[in-house]
Amino acid sequence: GDSVTQMEGPVTLSEEAFLTINCTYTATGYPSLFWYVQYPGEGLQLLLKATKADDKGSNKGFEATYRKETTSFHLEKGSVQVSDSAVYFCALSVVGAGGTSYGKLTFGQGTILTVHP
Amino acid sequence: SQTIHQWPATLVQPVGSPLSLECTVEGTSNPNLYWYRQAAGRGLQLLFYSVGIGQISSEVPQNLSASRPQDRQFILSSKKLLLSDSGFYLCAWSVKAGAETQYFGPGTRLLVL
C-alpha cells in the first residue's frame, strides 16, 4: 500500500539555520506530494505541493522537489525563524491509472520543529 | 472563498457518554469530506470520507460513525465513548477532480475521562 516516511524528530535549530526534513514515499499510481504545517493548537495548513516528477513546490521560503528516482520530497528552508516552530507533515495522494482519483491523503508521522532565538 | 468550521473547539466527556462533532463547509458545493484523528504525539489517521450526501466510507473499524445529512455538513458520532477515543479530530474538504489538496478545519480536541 501507499506510505510516507519522515525523518524522526524533534528537530531543534537556532534562528537563521538551514532546515532539511526528509520525506520518502511508496505509492501505486501517480502520486501528488504535499507538505502540511500544524502550528500549536491549530489545524493543518497546506504549505506547498508538487503534482509531478521534478516539480518544485515553494511557499514562505520553504521548498521541496518531487524526485521520482529517489521517491523523495524533502523539505528545505535556507534560514528558519522562531515563527516556523510547528509540526510538519509530508503526505501523498494518488491518482490511479486512468485518472481515477482516490482523493485520500496518506500522511507521514510528522516532524516537530523547534526554532530558538 | 471557502471556509471550514468545526465545533466545539474543545470537549471533555465521560467514558460511556455519546458524542457529536460537527463540520460545515462554506463557499463550495459537492465537496469530498474527511474526518481524521490525531492522537497525542502521533500522525493523522483517516477515519471516514464522503463523496456525497449519505455516502460514507470507513477506513478503520472503530467505535465511531459518520453521517452527511447535507451537502456541506459532516458529523462524527459515537454512542458510547471510550478512553481511547481521546484525541484531536480534524475535518477536511477537497474538490473531486484529481488528487486534489485537502483543506483542514481548526479541529476539535476531545478528552474522554
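This one's a predicted model, so the numbers in the text were calculated from it and none came from an experiment. (Residues numbered from 1 in each chain as written. Chains lettered and ligands numbered in written order. Predicted model: local features only at pLDDT ≥ 70, side-chain atom pairs only at ≥ 80, totals over all residues. Heavy atoms only, no water.)

**Student:** Would you mind going over the overall build of chain A with me for this structure?
**Tutor:** The number of helices and strands found in chain A is zero helices and 12 strands. Counted from the first residue to the last, chain A has its helices and strands arranged as β-β-β-β-β-β-β-β-β-β-β-β. For 117 residues, the compact-globule estimate of 2.2 N^0.38 gives 13 Å, and the C-alpha radius of gyration of chain A, at 14 Å, lies within 12% of that figure. The proportion of buried residues among the 117 residues of chain A is 44%. Across chain A, the fraction of contacts at a sequence separation of at least 24, relative to all contacts at a separation of at least 6, is 57%. When the accessible surface of chain A is totalled, it reaches about 5500 Å², and 49% of it is carbon and sulfur. Here chain A contributes 8 positive and 11 negative side-chain charges, whose respective centroids are spaced 9 Å apart. (Helix = DSSP H or I, 4+ residues; strand = E, 2+ residues; numbered from the N terminus. Rg over C-alpha atoms; globule rule 2.2 N^0.38 Å. Buried < 20%, exposed > 50% of the residue type's maximum accessible area, 1.4 Å probe, protein only. Contact = heavy atoms within 4.5 Å. Areas by Shrake-Rupley, 256 points an atom, 1.4 Å probe, with all protein chains shown as cover. Lys, Arg positive; Asp, Glu negative; His and termini not counted. Charge placed at Lys NZ, Arg CZ, Asp CG, Glu CD.)

**Student:** Could you clarify how one ought to interpret the packing of aromatic side chains in this entry?
**Tutor:** Two measures describe an aromatic ring pair: the distance that separates the ring centres and the angle between the ring planes. By the definition in use, this model includes 12 aromatic pairs over all chains. Centre to centre, the rings of A:Phe107 and B:Tyr36 are 5.6 Å apart; their planes meet at 90°, and the pair counts as edge-to-face. Here A:Phe107, found in strand S11 (residues 101-107), pairs with B:Tyr36, found in strand S4 (residues 32-38), and the two come from separate chains. What makes A:Phe107 buried here is its relative accessible area of 10%. Look at B:Tyr36 and you get buried, because its relative accessible area is 0%. Counting every residue linked through ring pairs, the aromatic cluster contains A:Phe34, A:Tyr36, A:Phe89, A:Phe107, B:Tyr34, B:Tyr36 and B:Phe104. The residue whose ring lies beneath B:Arg109 is B:Phe88, and the NZ or CZ to ring-centre distance is 4.3 Å. (Phe/Tyr/Trp six-rings, centres within 6.5 Å; stacked < 30°, edge-to-face > 60°. Lys NZ or Arg CZ within 6 Å of the ring centre and 35° of its normal.)

**Student:** Looking at this model, I keep getting lost on the sheet that holds strand S9 (residues 75-77) of chain A. Mind explaining?
**Tutor:** Strand pairing in a sheet relies on backbone hydrogen bonds. The paired strands run either parallel or antiparallel. Residue and element names in this part refer to chain A. Pairing within the open sheet is antiparallel, and its four strands lie in the order S3-S9-S8-S7. The sheet is open, and its two borders are formed by strand S3 (19-21) and strand S7 (56-59), each paired with just one other strand. In this sheet, adjacent strand axes meet at a mean angle of 15° when their direction is disregarded. Bridge analysis of S3 against S9 gives three bridges, and the strand direction is antiparallel. Paired with threonine 20 across the strands is glutamate 76, a residue of S9. (Pairing = 2+ DSSP bridges. Axes fitted to C-alpha atoms, helices over the stretch in contact; angles between N-to-C directions.)

**Student:** Looking at this structure, how should I read the state of the cysteines?
**Tutor:** Note on terminology: a disulfide is the covalent bond linking the sulfur atoms of two cysteines. Across all of its chains, the model carries two disulfides over all chains by this definition. Each sulfur in the disulfide pair A:Cys23 and A:Cys90 lies 1.9 Å from the other. Taking the sign of the S-S torsion, -70° for the link of A:Cys23 and A:Cys90, the bridge is left-handed. Of the two residues, A:Cys23 sits in strand S4 (residues 23-26) while A:Cys90 sits in strand S10 (residues 86-95), which places them 67 residues apart along the sequence. Classification of A:Cys23 as buried rests on a relative accessible area of 1%. One disulfide bridge connects B:Cys23 with B:Cys91, the sulfur atoms lying 2.0 Å from each other. Between B:Cys23 and B:Cys91, the S-S dihedral sits near -75°, and the bridge is therefore left-handed. One end of the pair, B:Cys23, is in strand S3 (residues 19-26); the other, B:Cys91, is in strand S9 (residues 87-94), and 68 residues separate them in sequence. (Disulfide = S-S within 2.5 Å.)

**Student:** What am I meant to see in the environment of A:Thr51 here?
**Tutor:** All names here are of chain A. Along the polypeptide, threonine 51 turns up in the loop between strand S6 (44-50) and S7. A sequence separation of 20 residues divides threonine 51 from proline 31, and the C-alpha atoms of the two residues are 7.0 Å apart. Each residue touching threonine 51, except ones within four places of it in the same chain, is listed here: Pro31, Ser32 and Tyr66.

**Student:** Mind showing me how you'd approach the sheet that holds S3(B) here?
**Tutor:** Residue and element names in this part refer to chain B. Read from one edge of the open sheet, four strands run S1-S3-S8-S7, paired in antiparallel fashion. Taken across any chain shown, the strands that pair with only one partner, and hence form the sheet edges, are strand S1 (3-7) and strand S7 (65-70). Between one strand and the next, the sheet's axes are offset by a mean angle of 20°, whatever the strand orientation. Looking at chain direction, S7 and strand S8 (residues 73-78) are connected through four bridges and run antiparallel. Residue pairing for S8: glutamine 70 is matched across the bridge by glutamine 73.

Spatial relationships are all this shows, so hold off on functional conclusions.
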